Amino acid sequence: MPDQFLEIDSFRFGDIVRHWARERLVHEVIVGRELARGVVREGLRFNSVDPRWTSPSTPFRGSPLVGFSARQDHPPIILRAVVLEHLLAVEREAVDPDVHLLSDEVVTKNDFRAWLVKSGRPYPAFWFGPEERNAT
(Lines give C-alpha, C1' and ligand atoms only; values in the text may rest on other atoms or scores of the structure.)
Protein backbone atom coordinates (compact mmCIF):
# COMPACT_ATOMS: atom_id res chain seq x y z
CA MET A 1 0.00 0.00 0.00
CA PRO A 2 1.43 3.39 -0.92
CA ASP A 3 2.38 5.75 1.87
CA GLN A 4 0.36 8.62 0.37
CA PHE A 5 -2.12 8.86 3.28
CA LEU A 6 0.20 8.31 6.24
CA GLU A 7 0.74 12.03 6.88
CA ILE A 8 -2.92 13.03 6.54
CA ASP A 9 -4.28 14.31 9.87
CA SER A 10 -7.99 13.66 9.24
CA PHE A 11 -10.31 11.79 6.92
CA ARG A 12 -13.97 12.10 6.00
CA PHE A 13 -16.40 9.28 6.72
CA GLY A 14 -16.76 8.22 3.08
CA ASP A 15 -13.01 8.20 2.49
CA ILE A 16 -12.41 5.86 5.42
CA VAL A 17 -15.25 3.62 4.25
CA ARG A 18 -13.84 3.41 0.73
CA HIS A 19 -10.18 2.87 1.67
CA TRP A 20 -10.78 0.49 4.57
CA ALA A 21 -13.30 -1.61 2.64
CA ARG A 22 -10.86 -1.95 -0.26
CA GLU A 23 -8.03 -2.88 2.11
CA ARG A 24 -10.14 -5.47 3.94
CA LEU A 25 -11.85 -6.75 0.75
CA VAL A 26 -15.32 -6.25 2.22
CA HIS A 27 -18.35 -4.32 1.03
CA GLU A 28 -18.43 -0.62 1.92
CA VAL A 29 -21.76 -1.07 3.74
CA ILE A 30 -20.04 -3.35 6.27
CA VAL A 31 -17.37 -0.75 7.04
CA GLY A 32 -19.95 2.06 7.13
CA ARG A 33 -22.03 0.14 9.67
CA GLU A 34 -18.92 -0.57 11.73
CA LEU A 35 -18.08 3.12 11.81
CA ALA A 36 -21.67 4.08 12.65
CA ARG A 37 -21.62 1.62 15.55
CA GLY A 38 -18.31 3.13 16.60
CA VAL A 39 -19.84 6.61 16.78
CA VAL A 40 -23.12 5.59 18.42
CA ARG A 41 -21.89 3.01 20.92
CA GLU A 42 -18.10 3.02 21.18
CA GLY A 43 -17.10 6.68 21.27
CA LEU A 44 -15.57 7.07 17.80
CA ARG A 45 -15.18 10.83 17.43
CA PHE A 46 -16.47 11.89 14.01
CA ASN A 47 -17.51 15.56 13.91
CA SER A 48 -19.58 17.59 11.46
CA VAL A 49 -17.59 20.65 12.53
CA ASP A 50 -13.82 20.25 12.55
CA PRO A 51 -12.78 21.03 16.15
CA ARG A 52 -9.35 22.24 14.99
CA TRP A 53 -10.94 25.25 13.30
CA THR A 54 -13.50 26.21 15.93
CA SER A 55 -13.31 27.88 19.31
CA PRO A 56 -15.92 28.12 22.07
CA SER A 57 -16.93 31.52 20.69
CA THR A 58 -17.43 30.29 17.11
CA PRO A 59 -21.05 30.79 16.04
CA PHE A 60 -22.64 27.76 14.41
CA ARG A 61 -24.72 28.51 11.35
CA GLY A 62 -26.52 26.34 8.84
CA SER A 63 -27.85 22.90 9.71
CA PRO A 64 -29.00 22.27 13.27
CA LEU A 65 -26.05 20.88 15.22
CA VAL A 66 -26.18 18.70 18.32
CA GLY A 67 -23.65 17.56 20.85
CA PHE A 68 -23.52 13.79 21.24
CA SER A 69 -21.54 11.46 23.45
CA ALA A 70 -21.65 7.68 23.20
CA ARG A 71 -20.76 7.44 26.89
CA GLN A 72 -21.13 9.80 29.82
CA ASP A 73 -17.39 9.84 30.49
CA HIS A 74 -16.58 10.95 26.91
CA PRO A 75 -16.58 14.59 25.79
CA PRO A 76 -19.28 15.35 23.21
CA ILE A 77 -18.80 15.50 19.47
CA ILE A 78 -20.62 18.03 17.28
CA LEU A 79 -22.85 16.48 14.60
CA ARG A 80 -25.50 17.79 12.26
CA ALA A 81 -28.86 16.64 13.66
CA VAL A 82 -29.72 14.79 10.43
CA VAL A 83 -26.39 12.94 10.61
CA LEU A 84 -26.98 11.81 14.20
CA GLU A 85 -30.48 10.60 13.27
CA HIS A 86 -29.04 8.68 10.33
CA LEU A 87 -26.23 7.09 12.37
CA LEU A 88 -28.78 5.99 14.98
CA ALA A 89 -30.93 4.46 12.22
CA VAL A 90 -27.89 2.65 10.79
CA GLU A 91 -27.08 1.22 14.20
CA ARG A 92 -30.59 0.44 15.45
CA GLU A 93 -32.53 -0.35 12.27
CA ALA A 94 -29.80 -1.76 10.01
CA VAL A 95 -30.30 1.02 7.45
CA ASP A 96 -27.46 1.21 4.93
CA PRO A 97 -25.11 4.12 5.64
CA ASP A 98 -25.51 7.00 3.20
CA VAL A 99 -21.97 8.20 2.49
CA HIS A 100 -23.36 11.27 0.71
CA LEU A 101 -25.26 12.32 3.84
CA LEU A 102 -22.16 11.57 5.93
CA SER A 103 -19.79 13.30 3.51
CA ASP A 104 -18.82 16.20 5.81
CA GLU A 105 -18.12 14.16 8.94
CA VAL A 106 -14.43 14.15 9.85
CA VAL A 107 -12.29 12.13 12.27
CA THR A 108 -8.71 12.91 13.22
CA LYS A 109 -6.01 10.29 13.07
CA ASN A 110 -5.51 10.47 16.85
CA ASP A 111 -9.24 10.02 17.57
CA PHE A 112 -9.40 7.14 15.09
CA ARG A 113 -6.32 5.54 16.68
CA ALA A 114 -7.85 5.85 20.17
CA TRP A 115 -11.01 4.10 18.97
CA LEU A 116 -9.03 1.33 17.27
CA VAL A 117 -7.03 0.68 20.44
CA LYS A 118 -10.06 0.81 22.75
CA SER A 119 -12.10 -1.49 20.51
CA GLY A 120 -9.23 -3.90 19.80
CA ARG A 121 -9.28 -3.36 16.04
CA PRO A 122 -6.08 -3.53 14.01
CA TYR A 123 -4.71 -0.35 12.47
CA PRO A 124 -5.57 -0.01 8.78
CA ALA A 125 -2.58 0.09 6.44
CA PHE A 126 -4.02 2.93 4.34
CA TRP A 127 -3.54 5.38 7.22
CA PHE A 128 -0.95 3.84 9.55
CA GLY A 129 2.56 2.79 8.62
CA PRO A 130 4.09 -0.60 9.46
CA GLU A 131 5.86 0.78 12.53
CA GLU A 132 2.54 2.04 13.97
CA ARG A 133 0.67 -1.17 13.11
CA ASN A 134 3.34 -3.38 14.67
CA ALA A 135 3.66 -1.28 17.84
CA THR A 136 0.19 -2.29 19.09
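See above for the structure.
Presented here is a report on the structure given in the accompanying data block. Not measured: the values here are computed from a predicted model. (Residues numbered from 1 in each chain as written. Predicted model: local features only at pLDDT ≥ 70, side-chain atom pairs only at ≥ 80, totals over all residues. Heavy atoms only, no water.)

## Notes on the nonpolar core
Selection criterion: To define a nonpolar core, start from buried Ala, Val, Leu, Ile, Met, Phe, Trp, Tyr and Cys residues and group those joined through side-chain atoms within 4.5 Å. Remark: exposure states derive from per-residue accessible area (1.4 Å probe, protein chains only) relative to the maximum for the residue type, with buried under 20%, exposed over 50%, and partly exposed in between. A run of DSSP states H or I qualifies as a helix once it reaches four residues; a run of E qualifies as a strand once it reaches two. Both are numbered from the N-terminal end.
Membership of the largest hydrophobic core comes to 30 residues, with the highest contact counts inside it found for I16, W20, L35, L87 and F112. Among the secondary structure elements, those contributing two or more residues to this core are α1 (13-24), α2 (28-41), β3 (77-80), α3 (81-93) and α4 (109-119).

## Comments concerning the pattern of salt bridges
Cut-off, in case you're wondering: Whenever a carboxyl oxygen of Asp or Glu lies within 4 Å of a side-chain nitrogen of Lys or Arg, that contact is scored as a salt bridge.
Within this structure, the stated rule accounts for 13 salt bridges. Between D15 and R18 there is a salt bridge whose closest N-O contact spans 3.0 Å. With a gap of 3 residues between them, D15 and R18 both fall in helix α1, about one helical turn apart. D15 gets classed as partly exposed once you look at its relative accessible area, which sits at 22%. For R121, the salt bridge identified is with E34, shortest N-O distance 2.5 Å.

## Points about the packing of aromatic side chains
The cut-off we apply is this: Two aromatic rings, drawn from Phe, Tyr or Trp (for Trp, its six-membered ring), form a pair once their centres lie within 6.5 Å of each other, and the interplanar angle then sorts them: stacked below 30 degrees, edge-to-face above 60, tilted otherwise. Note on criteria: charge over ring means Lys NZ or Arg CZ within 6 Å of the ring centre, with the direction from the centre no more than 35 degrees off the ring normal.
Applying the stated criterion to the full structure yields 10 aromatic pairs. Aromatic side chains F11 and F126 sit 5.6 Å apart centroid to centroid with 65° between the ring planes, which places their arrangement in the edge-to-face category. With F11 in strand β1 (residues 10-12) and F126 in the loop between α4 and α5 (130-134), the pair connects residues that are 115 residues apart, well separated along the chain. For the pair F11 and F126, one class covers both residues: buried. Ring geometry for Y123 versus F128: centroids 4.6 Å apart, planes at 50°, classification tilted. A relative accessible area of 11% places Y123 in the buried class. The residue whose ring lies beneath R24 is W20, and the NZ or CZ to ring-centre distance is 4.6 Å. The ring centre of F128 lies 5.1 Å from the NZ or CZ of K109, which sits over that ring.

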